[in-house]
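Below, each chain spelled out in residue letters.
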Amino acid sequence: MNYRPLVAVIDDDSAMRDLVRHVLGTVGHDTRVFSTVEEFLDHPDMERIACSICDVRMPGMGGLGLLNRLSEDPHAPPVILFTAHGDAEMAVRALRAGAFEFLVKPFRDQDLIDQVQRALDFDTLRRKRRVILSTLQDRHELLTPREQEVFQLVVDGATNRAIAENMGLSQKTVEVHRAHMMTKMAAGSLPGLVRMAVALESVAGRHPLEAVLASSLGNLGLEDEPVPQVTGADQ
């Protein structure tokens, strides 16, 4: 079954829920409505949620509470907040809390459609990044301990001769480890390998992922390419 993104609409006002659902339906978006944040968080198919639209002020948790809860999940979808009581201070609080966008009621239909489309595009990229990082981690785990050491030294800029001296190996052995490492990582070039290394470091929080993957997916060599299965590498 093909993945179809789902837009969650969270508002205690049934008329507003119906309006947003109708507007988004005119451009073909699938929506699911919820009257409370708590009901939304209990939704069994959260993985399909690609964007959430939530009122700031509602009984129970409210929009800012939702942002606080989702901040615990690095894979949470973007959240658009809206309110009938908007002011500059509220907008700043919402955006600082992690809101993707902030809309004030009443808003133009086209403004809602445009912001939701931006959020969906962002979510698509977010999901691709997750696949990229998962693929890179799988590839890196295929490396032997020595290949991982060579990997790190190579991306740090060391030459084969320097790596050999550092590891107490012959240059020929380093070349073999390096060739195996490049094959397992499916890296076609040194710049590509460095981009992979920086992406992996983003998992540990050493680099912001948005900066890491600002280049195209093709630059990482990950489009439609399976993780290579290489065996027989030296330990």
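Right above here is the structure, for reference.
Figured I'd write up the structure that's included with this text. In this text the structure is predicted, and so the values were computed from the model without any measurement.

Taking 1.5 Å per residue as the helical rise, helix α8 (residues 171-184) with its 14 residues ought to reach 20 Å, and the 20 Å between its terminal C-alpha atoms agrees with that figure. Listed in full, the buried residues belonging to α8 are Val174, His177, Met181, Met182 and Lys184. Projected down its long axis, α8 carries its buried residues within an arc of 160°, all on one side. Backbone geometry just after α8 places Ala186 at a positive phi near 55°.

Attention now moves to the environment of Ala84. Topologically, Ala84 is positioned in the loop between β4 (79-83) and α4 (88-96). Residues Ala84 and Val56, 28 residues apart in the sequence, show an inter-C-alpha distance of 8.8 Å.

It is worth spelling out the pattern of salt bridges at this point. When their charged atoms lie close together, side chains carrying opposite charge are able to pair. Applying the stated criterion to the full structure yields eleven salt bridges. Measuring nitrogen to oxygen at the nearest pair gives 3.6 Å for the salt bridge that ties Arg118 to Glu101. You can see Arg118 sitting in helix α5 (residues 109-141) and its partner Glu101 sitting in strand β5 (residues 101-104), a full 17 residues away along the chain. Here Arg118 falls in the partly exposed class, since its relative accessible area comes to 40%. Measuring nitrogen to oxygen at the nearest pair gives 2.8 Å for the salt bridge that ties Glu147 to Lys184. Residue Glu147 is found in helix α6 (residues 145-155), and its partner Lys184 is found in helix α8; the two are separated by 37 residues along the sequence. Overlapping salt bridges bring together Glu47, Asp123, Arg126, Arg127 and Arg130 as one network.

A sheet is described by the order of its strands in space; here five strands give the open sequence β2-β1-β3-β4-β5, paired in parallel fashion. Whereas interior strands pair on both sides, the edge strands pair on one side only; in this sheet they are β2 (30-34) and β5. In this sheet, adjacent strand axes meet at a mean angle of 20° when their direction is disregarded. Of the strands in this sheet, β1 (6-10), β3 (49-55) and β4 touch helix α3 (residues 62-70), which is tilted by about 165° from β4. In the packing of α5 onto the sheet, the strands contacted are β1, β3, β4 and β5, and the crossing angle to β3 comes to about 140°.

Direction vectors running N to C along helix α1 (residues 14-25) and α5 enclose 70°, while the axes themselves pass 10 Å from each other. Between α1 and α5, the crossing angle belongs to the class labelled roughly perpendicular. On the side of α1, the interface is formed by Val20, Val23 and Leu24, while α5 contributes Asp109, Leu112, Ile113 and Val116. Along the lines of polarity and charge, the residues of the contact of α1 with α5 split into six nonpolar, no polar and one charged.

With respect to the helices and strands, Asp55 occurs in strand β3. Taking the relative accessible area as the measure of exposure, Asp55 reaches 6% and is therefore buried. Polar contacts involving the side chain of Asp55 include one to the side chain of Lys105, which spans 3.1 Å.

Of note, the bond from Lys105 into Pro106 is cis; its omega dihedral lies within 30 degrees of zero at -5°. Mapped onto the elements, Pro106 comes out in the loop between β5 and α5. Positive phi, close to 55°, is recorded for Ala186, a residue that is not glycine. Inspection of the secondary structure assignment puts Ala186 in the loop between α8 and α9 (190-203).

Criteria and thresholds
Residues numbered from 1 in each chain as written. Predicted model: local features only at pLDDT ≥ 70, side-chain atom pairs only at ≥ 80, totals over all residues. Heavy atoms only, no water. Helix = DSSP H or I, 4+ residues; strand = E, 2+ residues; numbered from the N terminus. Expected span 1.5 Å × (residues − 1). Buried < 20%, exposed > 50% of the residue type's maximum accessible area, 1.4 Å probe, protein only. Arc of directions from axis to C-beta. Salt bridge = Lys/Arg side-chain N within 4 Å of Asp/Glu carboxyl O. Pairing = 2+ DSSP bridges. Axes fitted to C-alpha atoms, helices over the stretch in contact; angles between N-to-C directions. Contact = heavy atoms within 4.5 Å. Parallel < 35°, antiparallel > 145°, perpendicular 65-115°, else oblique. Nonpolar A, V, L, I, M, F, W, Y, C, P; charged D, E, K, R; others polar. Polar contact = N/O pair within 3.5 Å; in protein donor to acceptor, adjacent residues only side chain to side chain.

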